[in-house]
Amino acid sequence: MVRPTQGLDEGHPPMTTDTLDTQCINTLRTLTMDAVEKAHSGHPGAPMALAPVAYQLWQQELRYDPAQPIWANRDRFILSNGHASMLLYGLLHLAGVRRVTRDYRVEDVLAISMEDIQKFRQLDSVTPGHPEYRWTSGVETTTGPLGQGVANSVGMAMASRWLAGHFNRPGFTLFDYDVWALCGDGDLMEGVASEAASIAGHLQLPNLCWIYDANRISIDGSTDLAFTEDVGRRFEAYGWRVLQVDDANDLAALSQAYRTFKEQRGKPMLIIVRSHIGYGAPKKQDTAQAHGEPLGAEEIQGAKRHYGWPEDSQFLVPEGVRERFQERLGTRGKQLREAWEKTFAEYRKQHPELADQLERMQRRELPEGWDQELPSFPADAKGLATRESSGKVLTALAKHHPWLLGGSADLNPSTKTYLGFSGPMKPGEHSGRNIHFGVREHAMGSIVNGLALSKLRGYGATFLIFSDYQRPAIRLSAIMELPAIHIFTHDSIGLGEDGPTHQPVEHLPSLRAIPGLIVLRPADANEVTEAWRIIARQKSHPVALVLTRQAVPTLDRAKFAPASGVARGAYVLADCEGTPEVILIGTGSEVSLCVSAYEQLKAEGVKARVVSMPSWEIFEQQDEGYRNSVLPPSVHARVAVEQAETFGWERWVGLRGTVVGMRTFGASAPLKALLQKFGFTVENVVRTARETIARARQ
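Since this is a predicted model, take the numbers as computed values, not measurements. (Residues numbered from 1 in each chain as written. Predicted model: local features only at pLDDT ≥ 70, side-chain atom pairs only at ≥ 80, totals over all residues. Heavy atoms only, no water.)

Helix and strand counts for the chain come out as 24 helices and 23 strands. Scaling as 2.2 N^0.38, a compact globule of 698 residues should have a C-alpha radius of gyration of about 26 Å, and the chain matches this with 28 Å. Dimensions of the chain along its principal axes, counting C-alpha atoms only, are 90 × 60 × 45 Å. Counting only residues that meet the buried cut, the chain has 63% of its 698 residues in that class. When contacts within the chain are restricted to residue pairs at least 6 apart in sequence, long-range pairs at least 24 apart make up 76% of them. (Helix = DSSP H or I, 4+ residues; strand = E, 2+ residues; numbered from the N terminus. Rg over C-alpha atoms; globule rule 2.2 N^0.38 Å. Buried < 20%, exposed > 50% of the residue type's maximum accessible area, 1.4 Å probe, protein only. Contact = heavy atoms within 4.5 Å.)

On to the sheet that holds strand 23 (residues 658–662), then. The five strands are arranged 19-21-20-22-23 in an open sheet whose pairing can be described as mixed. The strands lining the two open edges of the sheet, one partner per strand, are strand 19 (571–574) and strand 23. Across the sheet, the mean angle from the axis of one strand to that of its neighbour is 30°, orientation sign disregarded. Of the pairings in the sheet, the one linking strand 20 (residues 582–586) to strand 21 (residues 608–612) comprises five bridges and is parallel in character. Directly across from I583, in strand 21, lies its bridge partner R609. (Pairing = 2+ DSSP bridges. Axes fitted to C-alpha atoms, helices over the stretch in contact; angles between N-to-C directions.)

In terms of nonpolar packing, the biggest core is built from 81 residues, with L520, W532, V582, L584, I585, M613 and L631 touching the most fellow members. Sequence-distant contacts of W532, defined by excluding residues within four places in its chain, comprise S390, V393, L394, L397, I485, I487 and L545. By size, the runner-up hydrophobic cluster in this structure holds 67 residues, among which are L163, V192, L205 and W403. (Core = buried A, V, L, I, M, F, W, Y, C linked by side-chain atoms within 4.5 Å.)

Here we take up the sheet that holds strand 14 (residues 457–463). Hydrogen bonds between backbone atoms are what pair the strands of a sheet, whose relative direction is either parallel or antiparallel. As summarised here, the arrangement of the six strands in space is 13-12-14-15-17-16, forming an open sheet in which the pairing is parallel. On the outer flanks of this sheet lie strand 13 (434–436) and strand 16 (518–520), each paired with one strand and no other. The sheet shows a mean angle of 20° between the axes of neighbouring strands, direction not considered. Pairing between strand 15 (residues 485–489) and strand 17 (residues 543–546): four bridges, direction parallel. Within the sheet, the bridge partner assigned to I485 lies in strand 17 and is V543. Where helix 16 (residues 467–479) meets the sheet, its contacts fall on strand 14 and strand 15, and the angle it forms with strand 15 comes to roughly 155°.

Turning next to the environment of D250. Tracing the sequence through the fold places D250 in the loop between strand 9 (241–245) and helix 9 (251–263). Between the alpha carbons of D250 and V273 there is a distance of 9.9 Å; along the sequence they are 23 residues apart.

Over its 16 residues, helix 2 (residues 45–60) extends 24 Å from the first C-alpha to the last, a length consistent with the 22 Å expected when each residue adds 1.5 Å. When the local axis directions of helix 2 are compared, the greatest deviation, roughly 50°, occurs at A51, which is followed within four positions by the proline P52. With 15 of 16 residues buried, helix 2 is to be regarded as a mostly interior element. (Expected span 1.5 Å × (residues − 1). Bend = angle between axes of the 7 residues up to and from the residue.)

Of the residues in the chain, 97% have a pLDDT of 70 or more, and the chain-wide mean is 96. Low pLDDT, under 50, characterises residues 4–17; the predicted model gives this stretch 42 contacts beyond four residues in sequence or across chains. (pLDDT = per-residue confidence, 0-100.)

Bringing the pattern of salt bridges into the picture now. Inspection of every chain in the model, using the stated rule, returns 42 salt bridges. Across the pair E311 and R305 runs a salt bridge whose closest N-O atoms are separated by 3.1 Å. A salt bridge links R360 to D356, with the shortest nitrogen-to-oxygen separation between them at 2.8 Å. With R360 and D356 both in helix 12 (residues 352–362) and four residues apart, the pair spans about one turn of that helix. For D356, a relative accessible area of 32% corresponds to the partly exposed category. (Salt bridge = Lys/Arg side-chain N within 4 Å of Asp/Glu carboxyl O.)

Within a regular strand, the side chains alternate between the two sheet faces. Counting buried residues in strand 6 (residues 208–214) gives seven out of seven residues, a clear majority hidden from the surface. Every second residue of strand 6 is oriented toward a common face, with L208, W210, Y212 and A214 on one face and C209, I211 and D213 on the other, all of them buried. Pairing analysis gives six bridges linking strand 5 (residues 179–184) to strand 6, with the strands arranged parallel. What sits directly across from A181, in strand 6, is W210. Bridge count between strand 6 and strand 10 (residues 269–274): six bridges; the pairing is parallel. Considered in strand 10, the bridge of I211 is made with I271.

A few words now on the environment of H276. In this structure, H276 sits in the loop between strand 10 and helix 10 (297–307). Sequence separation between H276 and A49 is 227 residues; the distance between their C-alpha atoms is 5.5 Å. Of the polar contacts made by the side chain of H276, one reaches the side chain of D286; its length is 2.9 Å. (Polar contact = N/O pair within 3.5 Å; in protein donor to acceptor, adjacent residues only side chain to side chain.)

This model, assessed by the stated rule, comprises zero disulfides. C576 supplies the cysteine sulfur nearest to C594, a cysteine that is in no disulfide, at a spacing of 15 Å. (Disulfide = S-S within 2.5 Å.)

This next bit is on the packing of aromatic side chains. Considering all chains together, one arrives at 22 aromatic pairs under this definition. For the ring pair W58 and Y64, a centre distance of 5.6 Å and an interplane angle of 50° mean the geometry is tilted. Y64 carries the same exposure label as W58, and that label is buried. Relative to W649, the ring of W616 lies with its centre 4.9 Å away and its plane at 75°, an arrangement referred to as edge-to-face. Here W649 lies in the loop between strand 22 (638–645) and helix 22 (650–653) and W616 lies in helix 20 (residues 616–620), a separation of 33 residues in the sequence. No difference in accessibility class separates W616 from W649, as the two residues are buried. An aromatic cluster is defined as three or more aromatic residues linked by ring pairs; in this entry it consists of W616, F619, Y626, W649 and W652. (Phe/Tyr/Trp six-rings, centres within 6.5 Å; stacked < 30°, edge-to-face > 60°.)

It is worth spelling out unusual backbone geometry at this point. Unusually for a residue other than glycine, R216 sits at a positive phi of about 65°. Secondary-structure assignment places R216 in the loop between strand 6 and strand 7 (217–218). Look at K416: it is not a glycine, yet its phi comes out positive at around 60°. Here K416 is to be found in the loop between helix 14 (412–415) and strand 13. Given a relative accessible area of 27%, K416 falls into the partly exposed group.

Now the structure itself:
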């Protein structure tokens, strides 16, 4: 029975389906039980409950061709409750989804074999504990921490609508895919899911459907311990349409709910499905014990007996099950995909420029002429804030990079990330390239990941202090090797009077600690231009671009080294004859301070070098010869200057070097007073350089 949300039925009627469909569903259940038991680890309960929910969606509605799992207009299926990973692995195996290489070639090999299922949660298996994008073909996103998958799905749904607005033409519907996300109580307790649901409702995304597994069980026990809200009413308040299916085994009711989503467009939809965790287990059904541990041999036998399954069988796939997936999902998906390819072939003839864009976008390649208007800035002692120069560069880049889009967490006037030549994405109209994320930093990071998963170049911007709110999404963009763009302004105690609550101190080293994330903190306007060149070329690395609020001098590149050195992560900006006595290393706004100290040391007869180091990560990737040419091992007198916690600088200054940095939180005061208090002055850097030289000589 499908109905608007009210109370949930406690009963669980028998499955209404024919024998072969029953076997398909129970195959998903028993594969899960067997895999978890063999691994001695895993979460069997949710897949046992949700097998009919996922099966009916895949077989009846999902637009997906297992033989071409990266077809651009496929529906996206997100398992947000990723601990239920065996449900997805079972679907991918039984549907015959093919493996895709890292260079986007589809091979005639199963993405997940039976052997892979039997290696569930084992080292180097393609069936890890939680599904991982790029690791396992057919997995649309890495859903580890709860809430991330549903938040990603909002970005994917936004991408589908934007792609339709950009590419579709009369007679040519290239993009109209739907996004389906399966989630649980834990997902909907997480704040990021609330943020994402709120913006999805505001934008009236008609192609987004969350299927909520309301099993009322979490790790601690009944959700009554901590989660008693009326979820349906909450989502109705967000602007969603809400339906309820009283029992997860009622395939007819599930089909009716899915069809309602497709027929009643205009809003995102939440389908609340009442299920029984560990369905069929004689003692553990509807208990927390079915959630995150193997059932045990006795319970597995009892569950299989309940399903009418051979009790002693293991990893059994009855005859006809794989064929059933092929005759429904496979046949439908192939027909839809081939029709799309035929349409695209004609589209390429009539709209060759757009077709070229689409093909480049799918391969994560840049459009022709993408950098033709990137600015070069004249020397200027007063200069401008790097957030200001970044805004100019971003606009110039975006004009020639049609699928670059994004926005800020209600901070466009501050982050300078609004594209003035385009309109906003707004309710019912999703073709604008400016996204108003609202004050939702966490969801913004996850949505940007969803855009990147859809092959768009998405960016999100906020103050560096709020990177704490985005950390799970940033970390996942690195795990997934997504070229997501995270822009952070107001990067230091340069905020002045805003005080320590808004002055990032520990944030730079904490971002640098994330494997695979490139952190870029450019020193002036021309380094900003070069930083955006690096960002534009990324295919598999997310970038955190860290920018100043306050103006910094635009260095005279006729006097100092060209900003193109940014491409190597660090470079010699100013030098001396012969071997330097001291090397001053700076990032961002502190590079100009190093230059001023260098000029004074030079005037006093000290042989000094200035190194601008906008990216530790890129510098680490350079060959040893280059690194040694910038930071000669024989020079032990090194001084790093950065308005951040000093953690990590030992790598570059060595045991005899010194770091002029932050060892406390900041303070509320005018900028000049703060610089004096915390030692970011020419006098202190010069004094520190002399002391470091003396110590190195000893």
